[in-house]
Amino acid sequence: MVNIKIDYEKSGIDKKQIMEYKEKVENIHKDLHRRADDIDDFVGWLKLPENYDKEEFDRIKKSAIKIQKSSDILLVIGIGGSYLGARAVIEAMSSNFSSLQSEKQRKAPQILYVGNNLSPNYINDLIEVLSDKDFSINVISKSGTTTEPAIAFRIFREILENKYGIDEARSRIYVTTDKKRGALKTLSDNEGYEKFVIPDNVGGRFSVLTAVGLLPIAVAGIDIDKLMQGARLAQDKYNDPNIKYNDCYQYAVLRNVLYNENKTMEIFANYEPKMHYFTEWLKQLFGESEGKESKGIFPVGVDLTTDLHSMGQYIQEGIRNMFETVLYYRTTNSNITINADDDNLDGLNYLTGKDLDYVNKKAMEGTIQAHVTGGVPNIEISIEKLDEENIGALIYFFELACGMSGSVLGVNPFNQPGVEEYKKNMFKLLEKPGY
C-alpha cells in the first residue's frame, strides 16, 4: 500500500498561507503538463511512470538477469544523477551490511560505483577488489565526455578487456546514453555494446525511473515493476492542480513560504541508515534545481540519531535560518525487543519489553519537539514502510515537489548552468585543447 503522509502542524505555517498560492500553483501545474509533452524540454519525468519505453523496460530486466548470472559485481560508472538515484533505491532496499553478505545471502551481485570522483586511492582500491571477481560495467553518460566517468570508463574498460578478451568484454559492457548523438553513443554502436537510452526530455537528477536507475536497481534484485507501480500511483494521486487536495504541492509551497521568512536552509533528516543515500539524492535534486540567480534553499542532510551527537548542537542553537523536513517510515520491516538485565548497570531496565522501533520513534518525537522549541520549523513526510512501491512513490513525490517549488521560486528547475563553470577552469588548468 502506498500512502505518503505530510504533517506541517509544527512548521508555523497554516493552511491559509498555503492557499494564497492556489492560482499560481494551478498555472504552474498546467505549464508543467504542457511542457511534459515537449521533447525539447526537460519535463518528461512528469509522465514517465505511464509513458516509459516498455520494450526497453523488458530488455533491462533481461540484461539484469544476464548480469546476475555472469557477475559478482556490477560496476556503475556515472556521476551525480547518473548514479545517485539508483544508489538511493539500492541502499534503501538492501541490507545495511550487504557488502559483507555471502552471494547466497545477498542473492544478487554487489553494486559498486566509480566515476563519481577523481581520487586515485579510490580507483586503485577498487581495482584491487575486482582482481579476483567476475564483473560487468554499466557506464552512464549523456555525452560520454564528462571527465570523471569518462576517465573511469577508459580505465575499467581496459581492465575488462585484459581480463576477458575483447569479445567477452563487449558482452559485459552496458551503456546508458543519448539516443542519437555523443561519444558514448558512437563507441557503443561501433563496439556493439548493449545500449539503453537517457530520454532527451529527462535531466540527470530526474532520471532514476529511466534506464539510468532501473538497470542497476534491477541487477541488485529489486523489483522494478513494483517501483514503477508506486511511481504511477503517486503520479495519479498528485495530478490534482488544486493545492487544497494535493499534499505534494502543499510541501512545495511550504518550502517557499518558509524561504520568504528567511529560512534559507532545509535539513533533510532521517532516522534510518538505509535512507542516507536517499537524502544525498534529495540534496542534488533540490540543490541543483533551485540554486540559481542568487536564490534557493540550501539542502543539508543529517542521519539521526547519529548526527545529534555532532550536528545536534548547531541545529538546536545555531543561526535560525533553517527548517527541518523529517523522512520516516511508519512500519518497520524488522524489530528487536529489549530484555531485562539482572544487574541493570546501564539503567535501561525501564525499557524492558519495549522494542527498538518504539525507542527510535520516541527519540524522533523528542528531537522534533526540541528543534521546534529551539526555533526550527518542522515538516514530517512519512511512508508506510520501506518497499519498492513506497520508494517509487516517494521518488515521484519529491521530483514533482521540486519542479513545483523551483517554479514558484521563479527559477528554471531543470537546467544547471553554474555546473559548467568549474569544468572550464579545470580544462584550462589541464591544458585541454580549445581552453
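Note that the coordinates shown come from a computational prediction; the quantities given were computed from them, not determined experimentally. (Residues numbered from 1 in each chain as written. Predicted model: local features only at pLDDT ≥ 70, side-chain atom pairs only at ≥ 80, totals over all residues. Heavy atoms only, no water.)

A.B. asks: Help me understand the overall build of the chain in this model?
C.D. replies: A tally of regular secondary structure across the chain gives 18 helices and 10 strands. A globule of 435 residues ought to have a C-alpha radius of gyration of about 22 Å, and the chain, at 23 Å, matches this closely. Principal-axis analysis of the C-alpha atoms gives the chain an extent of 65 × 60 × 45 Å. Looking at the chain as a whole, 51% of its 435 residues are labelled buried. The long-range fraction of contacts in the chain, counting pairs at least 24 apart against all pairs at least 6 apart in sequence, stands at 78%. Here the chain has roughly 20,200 Å² of accessible surface; of this, 49% comes from carbon and sulfur atoms. (Helix = DSSP H or I, 4+ residues; strand = E, 2+ residues; numbered from the N terminus. Rg over C-alpha atoms; globule rule 2.2 N^0.38 Å. Buried < 20%, exposed > 50% of the residue type's maximum accessible area, 1.4 Å probe, protein only. Contact = heavy atoms within 4.5 Å. Areas by Shrake-Rupley, 256 points an atom, 1.4 Å probe, with all protein chains shown as cover.)

A.B. asks: What should I look at first to understand the packing of aromatic side chains in this one?
C.D. replies: The geometry of an aromatic ring pair is captured by two quantities: the separation of the ring centres and the angle between the planes. For the structure shown, the criterion picks out 16 aromatic pairs. An angle of 20° between the planes, with centres 5.0 Å apart, marks the rings of Trp-45 and Phe-206 as stacked. Of this pair, Trp-45 sits in the loop between helix H2 (22-35) and helix H3 (48-51) while Phe-206 sits in the loop between strand E6 (194-197) and helix H11 (211-219); the two residues are 161 residues apart in sequence, bridging distant segments of the chain. Here Trp-45 matches Phe-206 in class, with each residue buried. Residue placement shows Lys-54 over the ring face of Tyr-52; its charged tip is 4.2 Å from the ring centre. Cation over ring: Arg-172 sits above Tyr-164, and NZ or CZ is 4.1 Å from the ring centre. (Phe/Tyr/Trp six-rings, centres within 6.5 Å; stacked < 30°, edge-to-face > 60°. Lys NZ or Arg CZ within 6 Å of the ring centre and 35° of its normal.)

A.B. asks: What's the story with the sheet that holds E6 in this structure? I'm lost.
C.D. replies: In a beta sheet, neighbouring strands pair by backbone hydrogen bonds and run either parallel or antiparallel. Ordered in space as E3-E2-E4-E5-E6, the five strands form an open sheet in which the pairing is parallel. On the outer flanks of this sheet lie strand E3 (110-114) and E6, each paired with one strand and no other. Between one strand axis and the next, the sheet turns through 20° on average, direction left out of account. Bridging between strand E5 (residues 173-177) and E6 involves four bridges; their strand directions are parallel. Of the residues in E6, the one forming a bridge with Thr-177 is Val-197. Helix H4 (residues 54-70) contacts strand E2 (73-77), strand E4 (135-140), E5 and E6 of the sheet and is inclined by roughly 135° relative to E6. (Pairing = 2+ DSSP bridges. Axes fitted to C-alpha atoms, helices over the stretch in contact; angles between N-to-C directions.)

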